[in-house]
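Spelled out from the first residue to the last, the chains are:
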Amino acid sequence: MPFLAEVELAGGFAQWRSEGLPPPVRLLPADDRTTAAAALARALRGNGLAYGGDWFNARQLLAAMGRRLATPRPGGPGVLAAFRAERARKRAEHEVLSLLAVPLEAGWRSPLPRAPPLAAALEAAFGASPSGVAWLPLREVLGAVGAHEWRRRGVEVPALGARVHPHYGVFAPVRGEYVELVASALRARGAGLLPAGSRAFDVGTGTGVLAALLAKAGARVTATDLDPRAVACARENLAALGLADAVEVVRADLFPPGRARLVVANPPWLPEESHGPLDRAVYDPGGAVLERLVRGLPGALEEGGEAWLVLSDLAERLGLRAEGALDALLRSAGLRPAAVLEARPTHPRARTGSDPVARARAAERTRLYVLSPDGAPGFARASA
């Protein structure tokens, strides 16, 4: 949620602007003479830091503050305690380090010496620039610059034979397991399930990558997302892929009106609180989105239709969701898995580290559940 507020600064007031961090009570001046220890001490007391020195020195100060920030210790033994300590560390980084702010003016120009051109990246991420001076967390500015480079380069999706271009705040398909699982299911099942022109839903489309796969298989697709940035991102990617006429992208909370022959969804897979916009693609507090999705699937399917639910089992491996809880939820919604496809992790975090969380990520499996209200037979369990 964007925050705009007037904050006390040097006897007056300044505009604070942030995508996800509430304003501090006050902003204290900081510059090239401010040490990392002093800056961190002020930030830990909840003060924002209005940096007025050199741009590159601001970046160095931010990095030095991060190195000094204490790492929370696990609150107990086991993988769940280690995971929650890791999350606490990331939240502390977000909340404390985001208090170092830099000034931005009309046209998204920073008056700081040696500041780079920022207009293209910040306009793409945040829209219209401030009319006067606004103070933005440096971490958010740098995140927007990095996201703009991701958007420019794009992410290669082998299953599509093309690149998709994620927007700021939209989850990028860098974890390819879920895409490959849907592509494998379409190869195994698509011809019989999706006669040309059949209707399909892609629920929570993000960049639009799964909608593109469904359209290439011959379906008429309605893709939904609640995030306006994701809706714009998916429309742009599908147009670039030449699929705009085959896919309608709409803003909706889960399902569009009507029913479909196939409903595909890759919901957030960890039932924990999210700490920022990108987290919402991964974290689902209390599993509420997953439950609403599963319970809504029967009403979204045509007679003889199927739902493909793609979900990681990391929550079970971390102890965030009980073994068998997903099966119980499916049964309570009147759904039965007719078949399951499974993929091992390929992302870098699954191959590094020896701590309990890293071992859980290495053992993680992503599964595509073929679901139908009557439990009709499908294809056998397999690995992608």
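As a reminder, the structure under discussion sits directly above these lines.
Parameters at a glance
- Positions within a chain are numbered from 1, following the residues in the order the chain's sequence is written.
- Whole-chain, interface and lining totals are the exception, using all residues; otherwise, since this is a predicted model, local features are given only for residues with pLDDT of at least 70 and side-chain atom pairs are given and counted only at 80 or more.
- Computation of side-chain values: all heavy atoms of the structure, hydrogens and water removed.
- Remark: exposure states derive from per-residue accessible area (1.4 Å probe, protein chains only) relative to the maximum for the residue type, with buried under 20%, exposed over 50%, and partly exposed in between.
- By the criteria applied, helices consist of DSSP H or I runs no shorter than four residues and strands consist of E runs no shorter than two, each listed in order from the N terminus.
- Our arc is simply the arc of the directions from the helix axis toward the C-beta atoms.
- Only heavy atoms matter for contacts: two residues are in contact if any of them lie within 4.5 Å across the pair.
- Cavity means a closed set of points on a 1 Å grid over the protein atoms alone, one where a 1.4 Å probe fits but cannot get out, pocket means an open set with protein on both sides within 12 Å along at least 5 of 7 lines, and lining means a residue has an atom within 4 Å of a point.
- Grid points are joined across faces, edges and corners, and a volume is the space filled by probe spheres set on the points.
- Gly falls in the polar group here, along with every residue not listed as nonpolar (Ala, Val, Leu, Ile, Met, Phe, Trp, Tyr, Cys, Pro) or charged (Asp, Glu, Lys, Arg).
- Here, strands pair whenever DSSP counts at least two bridges between them.
- For helices, the fitted axis covers only the stretch in contact; all axes are lines through C-alpha atoms, and the angles between them, taken along N-to-C directions, range from 0 to 180 degrees.
- To sort the angles, those under 35 degrees are grouped as roughly parallel, those over 145 as roughly antiparallel, those from 65 to 115 as roughly perpendicular, and the leftovers as oblique.
- N or O atoms closer than or at 3.5 Å make up a polar contact, with two conditions inside protein: a donor-capable atom paired with an acceptor-capable one, and, for residues adjacent in sequence, both atoms drawn from side chains.
- Working definition: rings of Phe, Tyr and Trp (its six-membered ring) pair if their centres are within 6.5 Å, and the pair is stacked with planes under 30 degrees apart, edge-to-face with planes over 60 apart, and tilted otherwise.

K.L.:
Break down helix α12 (residues 356–363) for me, with residues and values.
P.N.:
Taken together, the buried positions of α12 are occupied by Val-357, Ala-358, Ala-360 and Arg-361. Taken around the axis of α12, the buried residues stretch over an arc of 160 degrees, which confines them to a single face. Packing partners of the buried residues in α12 comprise α3 (79–97) and α10 (314–318).

K.L.:
Please give an account of empty space enclosed by the protein that cites residues and values.
P.N.:
In this structure the tally under the stated criterion is two cavities of 30 Å³ or more. By volume, the largest cavity is sized at about 70 Å³. Residue composition of the lining of the largest cavity, grouped by class: four nonpolar, three polar and two charged. Lining the second largest cavity, in full, are Ala-121, Ala-124, Ala-125, Ala-144, Ala-147, His-148, Arg-151 and Tyr-168. Only α4 (119–126) and α5 (138–153) provide two or more residues apiece to the lining of the second largest cavity.

K.L.:
Would you mind going over the sheet that holds strand β3 (residues 26–30) in detail, with residue names and values included?
P.N.:
What the six strands build is a closed barrel, ordered β1-β2-β6-β5-β4-β3; its pairing is mixed. Across the sheet, the mean angle from the axis of one strand to that of its neighbour is 45 degrees, orientation sign disregarded. Sheet topology note: the strand β4 (residues 48–51)/strand β5 (residues 100–104) ladder contains two bridges and is parallel. Among the inter-strand pairings, Leu-49 is bridged to a residue of β5, identified as Leu-100.

K.L.:
Break down the packing of α4 against α5 for me, with residues and values.
P.N.:
At a minimum axis separation of 8 Å, α4 and α5 run at an interaxial angle of 95 degrees. Overall, the two elements α4 and α5 adopt an arrangement that is roughly perpendicular. In this structure, α4 uses Ala-120, Ala-121, Leu-122, Ala-124, Ala-125 and Phe-126 to contact α5, whose residues at the interface are Glu-140, Val-141, Ala-144, Val-145, His-148 and Arg-151.

K.L.:
Would you mind going over the packing of α3 against α12 in detail, with residue names and values included?
P.N.:
Two numbers describe how α3 lies on α12: the axes approach to 8 Å, and their chain directions differ by 105 degrees. With respect to each other, α3 and α12 are oriented roughly perpendicular. Taken together, the residues of α12 that come into contact with α3 (itself represented by Val-79, Ala-82, Phe-83 and Glu-86) are Pro-356, Val-357, Ala-360 and Arg-361. Across the contact of α3 with α12, the residue classes tally to six nonpolar, no polar and two charged.

K.L.:
Can you lay out helix α11 (residues 325–332) for me, pointing to particular residues and giving the numbers?
P.N.:
What α11 keeps buried is the set Leu-326, Leu-329 and Leu-330. Along the axis of α11, the buried residues cluster in a sector spanning 100 degrees; they form a single face. A positive phi of about 80 degrees marks Gly-334, the residue just after α11.

K.L.:
How would you summarise the side chain of Ser-198 if you had to cite specific residues and measurements?
P.N.:
Inspection of the secondary structure assignment puts Ser-198 in the loop between α6 (177–193) and β9 (199–203). For Ser-198, the side chain forms a polar contact with the main-chain oxygen of Pro-195, separated by 2.6 Å. Residues within four places of Ser-198 in sequence aside, it is in contact with Leu-193, Gly-218, Ala-219, Arg-220 and Arg-261.

K.L.:
Go over the packing of aromatic side chains, please, and point to the residues and values.
P.N.:
Scanning all chains against the criterion turns up three aromatic pairs. Taken together, a centroid distance of 5.3 Å and an interplanar angle of 80 degrees make the contact between Phe-126 and Tyr-168 edge-to-face. Of this pair, Phe-126 sits in helix α4 while Tyr-168 sits in the loop between β8 (162–164) and α6, and the two are 42 residues apart along the sequence. Just as Phe-126 is buried, Tyr-168 falls in that class too.

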